[in-house]
Structure formats: C-alpha cells, structure tokens
Amino acid sequence: MSSCELILALDLESKDEARSLLQGIGPDLKWVKVGLQMFTAHGPEWIREVADLGFKVFLDLKLHDIPNTVAKALQSLSDLPIDMLTLHSSGGVEMMAAANQVRLDRKPNLLLLGVTVLTSMDEAQLRRVGVPNSPERQVHNLAGAVVESGVPGLVCSAKELSLLVPDYADQLKFVTPGIRPTGAAADDQKRIVTPSQAAANGSNFIVVGRPIYKAESPRSAVQAINGELA
Ligand code: C5P
C-alpha cells in the first residue's frame, strides 16, 4: 500500500476563523484545500497567506472552459504558491492537455487533477445532461481521458477506486473526498469511507473538512486521522 496523506478542506467564510484553525492545528497538517468559497471572497492574497503559514495549497477551482481559456487561467495561476489544482475532466482531452502543457512549461511539480463525476450527480442527473452511463462507468471513462491528456491525477470517491486502481494506479494519483473517521457524523455525504479504508483502496490523498474544522479539538482530529493513515 502506498502512503496516503491528509488534506484539510478549508470550507470557511472568514479568514480570521481559518487563520486561528490553521495556527491551532500546526505542523501535524501539511495540506490545505482552498475552494471556490474562500478564493472568490479573498483571492490570491489568501493563497499566499496560507502558503506563508507553512502549508501546501490545493486550489480547488474545478476549471472548465475552452482549452485556450483554461490554459490562460493556468498561466495566471502559475505564479501562486499552489501544489494542486483541479479542472473538470468532462471539459475534454484537449482542454486538459492544454492545461497540462502550461503545467509542464511553468510549474512541473503542480499536481493537476481532473475532477471526474461530482458525487452530487446520480444516474438520473447524468442522463438529464446526455450521459447514458452509470456514474461508475462514467468515472472510468473520464479516467481514461485524464490519462490520455497527460494530467497526472484525478478526484473521485474512494468507493470508485476498486474500478480505477487496476487500470490506472501506475499513471495517476488519486485524491478522494467523502471521508469520515469511524464515529464521525456523515453530514451530507452519502457514500462515506474511513481514512484507513481509503488508504487501503489505493487513495494517495484524502480530503476531510467538517470532521476536522467542526471538531472540539481540530488538532486532535488531525492527529487521529494521521494515526489511522500511518
Ligand atoms: O466537510 P467534508 O469532509 O464533507 O468536505 C469534503 C470536501 O470535499 C468539500 O470541500 C467538498 O466540496 C469536496 N468534495 C466532495 N465531493 C466531491 C468533490 C469534492 O465532497 N466529489
């Protein structure tokens, strides 16, 4: 089993709250995911601040546009201290390849990730937008497109790894949200997996939000998850 690292999803509104959370957790945590909520409100300066606090930044913007526009966005983002970035793999091989070329030219160590099927999409929703496949089948199709584009990783549910690992583990890193430590509330996540199950399934990174930032002691929650992953 390869190693699996923890990423904290920083889905908070206020910078003050986020700052004191991160300072309280300290060096047991390496990775922080900043999503659309905080990036839209606080912009590139906030990314620099999180990096200055000593964390690696996963910027979860889920880019999806024509290849030229996504490539230009990558160029603009390449000066930021980010270590992971998402784009929608349903944007197509050409779009992902254009983004990947910018990565190779400007920021080769950036782990660019294709988002597969959002966990909010079920079979009926996919059909409504013209996709006749089951979500699992569609995730597998999109993983093939990610590999073809040269993008080095993807985001999926840890439950889908058994389909992907046999075909793609040599070529892709897998990042999985929807994780709940044993005994934690599921919140709105429907198909949850524990940290140790996700690692055993072949996940390289797990994304965990509420079980950490809503915990009485976020630092203890991080330590417990790290203990489960070790
Ligand atoms: O609080 P919780 O652990 O459920 O947060 C999970 C994080 O992962 C959130 O930032 C959520 O947007 C993100 N995510 C997810 N499911 C996906 C893709 C991303 O839960 N399929």
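Draft legend 1. Representation of the packing of helix α1 (residues 15-25) against helix α2 (residues 36-52) within the structure. The contact between α1 and α2 brings their axes to 11 Å, and the two run at 35°. Read as a crossing pair, α1 and α2 show a hand that is right-handed. Counting all contacts with α1, which are made through Lys 15, Ala 18, Arg 19 and Leu 22, the residues of α2 involved are Met 38, His 42, Trp 46, Glu 49 and Val 50. Considering only residue class, the contact of α1 with α2 consists of 5 nonpolar, 1 polar and 3 charged.

Draft legend 2. Seen up close, the packing of helix α6 (residues 135-149) against helix α7 (residues 161-168). Close contact between α6 and α7 brings their axes to 10 Å; oriented N to C, the two are set at 30°. Between α6 and α7, the angle falls in the class roughly parallel. Here α6 runs over α7; the crossing is right-handed. Between α6 and α7, the residues in contact are Glu 136, Val 139, His 140, Ala 143, Gly 144 and Val 147 and Leu 163, Leu 164, Asp 167 and Tyr 168, respectively. Partitioning the contact of α6 with α7 into residue classes produces 6 nonpolar, 2 polar and 2 charged.

Draft legend 3. Highlighting helix α3 (residues 67-77). Among all positions of α3, only Val 70, Ala 71, Leu 74 and Leu 77 are buried. Buried residues along α3 cover an arc of 125° about the axis, so they all sit on one side. Of the surrounding secondary structure, the elements contacted by the buried residues of α3 are α2, β3 (56-63), β4 (84-88), α4 (93-106) and β5 (111-115).

Draft legend 4. Structural detail: the sheet that holds strand β7 (residues 173-176). Pairing is parallel in the closed barrel, where 8 strands are placed in the order β1-β2-β3-β4-β5-β6-β7-β8. Within this sheet the neighbouring strands show an average axis-to-axis angle of 25°, counted without direction. As paired elements, strand β1 (residues 5-9) and strand β8 (residues 205-208) share 4 bridges and run parallel to each other. Note on β8: the bridge partner recorded for Leu 6 is Ile 206. Sitting on the sheet, α3 touches β3, β4 and β5, and the angle it makes with β3 is about 160°. In this fold α7 packs onto β6 (153-155) and β7, with an angle of close to 165° to the strand it touches most, β7.

Draft legend 5. Quick look at the pattern of salt bridges. Evaluated as defined, the whole model comprises 11 salt bridges. Note that Asp 16 is salt-bridged to Arg 19, the shortest N-O span being 2.7 Å. One end of the pair, Asp 16, and the other, Arg 19, are both in helix α1, 3 residues apart, so they sit about a helical turn from each other. Residue classification places Arg 19 among the partly exposed residues on the basis of a relative accessible area of 22%. Of the charged contacts in the structure, one is a salt bridge between Glu 49 and Arg 19, with a shortest N-O distance of 2.4 Å. Taken as a pair, Glu 49 in helix α2 and Arg 19 in helix α1 lie far apart in primary sequence, 30 residues in all. Where salt bridges share partners, they join Arg 180, Asp 187, Asp 188 and Arg 210 into one cluster.

Draft legend 6. Expanded view of the environment of Val 32. By the secondary structure assignment, Val 32 is in strand β2 (residues 31-35). Given a relative accessible area of 0%, Val 32 falls into the buried group.

So, how was this worked out
Residues numbered from 1 in each chain as written. Predicted model: local features only at pLDDT ≥ 70, side-chain atom pairs only at ≥ 80, totals over all residues. Heavy atoms only, no water. Axes fitted to C-alpha atoms, helices over the stretch in contact; angles between N-to-C directions. Helix = DSSP H or I, 4+ residues; strand = E, 2+ residues; numbered from the N terminus. Left-handed = near helix turned anticlockwise from the far one by under 90°. Contact = heavy atoms within 4.5 Å. Nonpolar A, V, L, I, M, F, W, Y, C, P; charged D, E, K, R; others polar. Parallel < 35°, antiparallel > 145°, perpendicular 65-115°, else oblique. Buried < 20%, exposed > 50% of the residue type's maximum accessible area, 1.4 Å probe, protein only. Arc of directions from axis to C-beta. Pairing = 2+ DSSP bridges. Salt bridge = Lys/Arg side-chain N within 4 Å of Asp/Glu carboxyl O.

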